[in-house]
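Here is what each chain is made of, one letter per residue.
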Amino acid sequence: MNLELHAEANAGSEGSRIDKFLKDFLGDEISRASIQHWIDSGWVKDGSGKIILKPSYKVSPGEEFQISVPPKPPLNLTPVKMDLEVLKETPQYLIIRKPPGIASHSGPGDRSTTLINGLLYKFKELSSIGGEDRPGIVHRLDKPTEGLMIVAKNDTAHAKLSELFRRRNITKKYLAWVQGSLPEGEGTIDKPIGRHPVERLKMTVTTKGRPSITHYQVLQTAVSKNGRKFSLVEADLETGRTHQIRVHLQSLRSPVVGDLLYSRNAHLFENYGLLLLSYWLEFKDPFSGEEVQIVLPIPERFKNFENNLENF
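Here is what the cut-offs are and how they apply
Residues numbered from 1 in each chain as written. Predicted model: local features only at pLDDT ≥ 70, side-chain atom pairs only at ≥ 80, totals over all residues. Heavy atoms only, no water. Helix = DSSP H or I, 4+ residues; strand = E, 2+ residues; numbered from the N terminus. Rg over C-alpha atoms; globule rule 2.2 N^0.38 Å. Buried < 20%, exposed > 50% of the residue type's maximum accessible area, 1.4 Å probe, protein only. Areas by Shrake-Rupley, 256 points an atom, 1.4 Å probe, with all protein chains shown as cover. Lys, Arg positive; Asp, Glu negative; His and termini not counted. Charge placed at Lys NZ, Arg CZ, Asp CG, Glu CD. UniProt positions renumbered as here; feature names shortened; annotations may be inferred. Contact = heavy atoms within 4.5 Å. Core = buried A, V, L, I, M, F, W, Y, C linked by side-chain atoms within 4.5 Å. Domains from an automatic or database assignment. Phe/Tyr/Trp six-rings, centres within 6.5 Å; stacked < 30°, edge-to-face > 60°. Lys NZ or Arg CZ within 6 Å of the ring centre and 35° of its normal. 1 Å grid on protein atoms, 1.4 Å probe; cavity = no way out; pocket = protein on both sides within 12 Å on 5 of 7 lines; lining within 4 Å. Points joined across faces, edges and corners; volume = space filled by probe spheres on them. Nonpolar A, V, L, I, M, F, W, Y, C, P; charged D, E, K, R; others polar. Pairing = 2+ DSSP bridges.

Undergrad: Any chance you could explain the overall build of the protein here in plain terms?
TA: If you tally the helices and strands in the protein, you get 6 helices and 14 strands. Relative to its length of 312 residues, the protein is compact, with a C-alpha radius of gyration of 22 Å against a globular reference of 20 Å. Out of the 312 residues belonging to the protein, those deemed buried represent 44%. Within the structure as shown, the protein displays about 16,100 Å² of accessible surface, and the carbon and sulfur contribution to it stands at 48%. The centroid of the 42 positive side-chain charges in the protein is displaced by 2 Å from the centroid of its 38 negative side-chain charges.

Undergrad: Please explain the UniProt feature "active site" (unreviewed entry) in the protein as it appears in this structure.
TA: Here the UniProt feature "active site" (unreviewed entry) sits at Asp 142. Of note, Asp 142 is situated in the loop between helix 3 (115–122) and strand 6 (146–152). The buried category is assigned to Asp 142, whose relative accessible area is 10%. Asp 142 has contacts with Lys 98, His 243 and Arg 246, leaving out every residue within four places of it along the chain.

Undergrad: Would you mind going over the nonpolar core with me for this structure?
TA: Across soluble globular proteins, nonpolar side chains have a tendency to be buried as a group. Counting residues in hydrophobic clusters, the biggest one holds 32 residues, and the most contacted among them are Ile 95, Ile 150, Trp 177, Phe 230, Phe 283 and Phe 305. At the level of secondary structure, the elements contributing two or more residues to this core comprise strand 5 (93–98), strand 6, helix 4 (155–166), strand 7 (171–179), strand 12 (229–237), strand 13 (276–284), strand 14 (291–295) and helix 6 (300–308). Broken down by element, the residue count for this core peaks at 5 residues, all from strand 13. Each of domain 2 (74–167) and domain 3 (168–311) contributes no fewer than three residues to this core.

Undergrad: Explanation requested: the packing of aromatic side chains in the structure shown.
TA: The geometry of an aromatic ring pair comes down to the distance between the two centres and the angle between the two planes. Considering all chains together, one arrives at 12 aromatic pairs under this definition. With centroids separated by 6.0 Å and ring planes inclined at 75 degrees, the aromatic side chains of Phe 269 and Phe 305 adopt a geometry described as edge-to-face. Here Phe 305 lies in helix 6 and Phe 269 lies in the loop between helix 5 (244–251) and strand 13, a separation of 36 residues in the sequence. With respect to burial, Phe 269 and Phe 305 carry one shared label: buried. Measuring from ring centre to ring centre gives 6.2 Å for Tyr 272 and Phe 312, while their planes differ by 75 degrees; the resulting arrangement is edge-to-face. Of the two residues, Tyr 272 is situated in the loop between helix 5 and strand 13 and Phe 312 in the segment after helix 6; the sequence distance between them amounts to 40 residues. An aromatic cluster is built from Trp 177, Phe 230, Phe 269, Tyr 272, Phe 305 and Phe 312, whose rings are joined through pairwise contacts. A cation over an aromatic ring shows up here: Lys 173 above the ring of Trp 280, its NZ or CZ 4.3 Å from the ring centre.

Undergrad: So what exactly am I meant to see when it comes to the layout of surface pockets here?
TA: Picture a little ball the size of a water molecule; that probe, rolled over the atoms, points out where space is still empty. In this structure, the second largest pocket spans a volume of roughly 250 Å³. Forming the walls of the second largest pocket are 14 residues, and the residues nearest its centre are Lys 202, Gln 250, Leu 261, Tyr 262 and Ser 263. Those elements giving two or more residues to the lining of the second largest pocket turn out to be strand 10 (203–205) and helix 5. Among the residues making up the lining of the second largest pocket, the classes are represented as 7 nonpolar, 5 polar and 2 charged.

Undergrad: Explain the pairing of strand 5 to me, please; I cannot follow it from the model alone.
TA: Side chains on a regular strand alternate between the two faces of the sheet. Counting buried positions over the 6 residues of strand 5 gives 6, a clear majority of the element. For strand 4 (residues 85–89) and strand 5, the ladder comprises 4 bridges, and the chain directions are antiparallel. Note on strand 5: the bridge partner recorded for Lys 88 is Ile 95. Between strand 4 and strand 5, which pair antiparallel one after the other, the connecting turn spans 3 residues. Summarising the sheet, strand 5 and strand 6 pair through 6 bridges and their orientation is antiparallel. Residue pairing in the sheet places Ile 96 in a bridge with Met 149 of strand 6.

Undergrad: Would you take a moment to explain the environment of Val 205 for this structure?
TA: Within the secondary structure layout, Val 205 lies in strand 10. On a C-alpha basis, the gap between Val 205 and Pro 61 in space is 33 Å, while along the polypeptide they are 144 residues apart. The contacts of Val 205, once residues within four sequence positions are left out, are Lys 191, Pro 192, Val 247, His 248 and Ser 251.

This is how it looks when you write it as structure tokens:
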């Protein structure tokens with residue numbers, strides 16, 4: 001049964017952000033971050049039943065709000081044997097290859113087996129800074145995306161690695177086969193990204209979103225016998241928004257091949273999965289000072305697609 005809450009704004013709340021108002025109204029047991037998550041998930045409505053989509057929404061005296069929060073499923077942190085490829089291991093962190101089709105960690109309402117379960121089976125101790133449901137996770141990859149991930153073994157490593165990401169001292173490059181041809185051989189996509197107002201699983205380019213910058217370079221182009229154009233693209237992220245590469249490329253009418261969320265004909269390529277690979281990771285080890293560079297080889301499914309794309 002959902003947790004149903006009701007709140008009414010008084011004169012002293014006039015002009016307050018709704019996330020702050022609800023935090024003050026509900027007391028210390030509910031964090032502001034939780035309330036912002038409720039709003040982002042579409043669980044907060046005004047008195048007429050309209051969904052409030054922005055934590056910055058300003059309340060007025062007499063306004064009523066309804067909050068309907070689904071029960072939180074129990075955490076799934078059971079260790080599960082999983083074939084994980086470890087490419088580098090130090091006393092502080094790991095670099096692994098995440099398989100496609102597995103989530104980095106559980107999401108709201110989703111308690112299926114994730115990368116966390118496999119990590120807990122293989123490594124008994126991981127950092128806890130990311131939260132009880134995200135041990136070791138310093139950064140994430142989308143569920144269908146394959147490639148390199150850094151996992152922290154302890155909280156000190158987590159903090160130092162997070163700082164590298166925050167300062168953009170870690171270079172991450174991706175390879176993607178996309179449909180169509182991009183405007184230039186190389187370029188920059190500078191478009192803000194935010195949650196889709198209707199389809200809550202999707203992100204979208206929106207003026208209300210957060211700044212998002214993707215640099216790209218076209219490495220190869222091809223045309224099928226039916227006239228379909230494809231491009232192999234290298235992408236370098238300046239920011240790290242959810243689904244950033246997928247949303248930015250789709251905004252140029254060049255969705256990633258096999259993208260079930262952002263491409264209308266993804267079913268044509270279902271045998272290959274999402275052709276997006278986090279293949280390059282480069283940074284200076286904050287503990288040893290070593291220059292770390294790991295580059296993945298092209299997966300067989302990428303090669304198989306290239307060998308067969310003329311048939312699409």
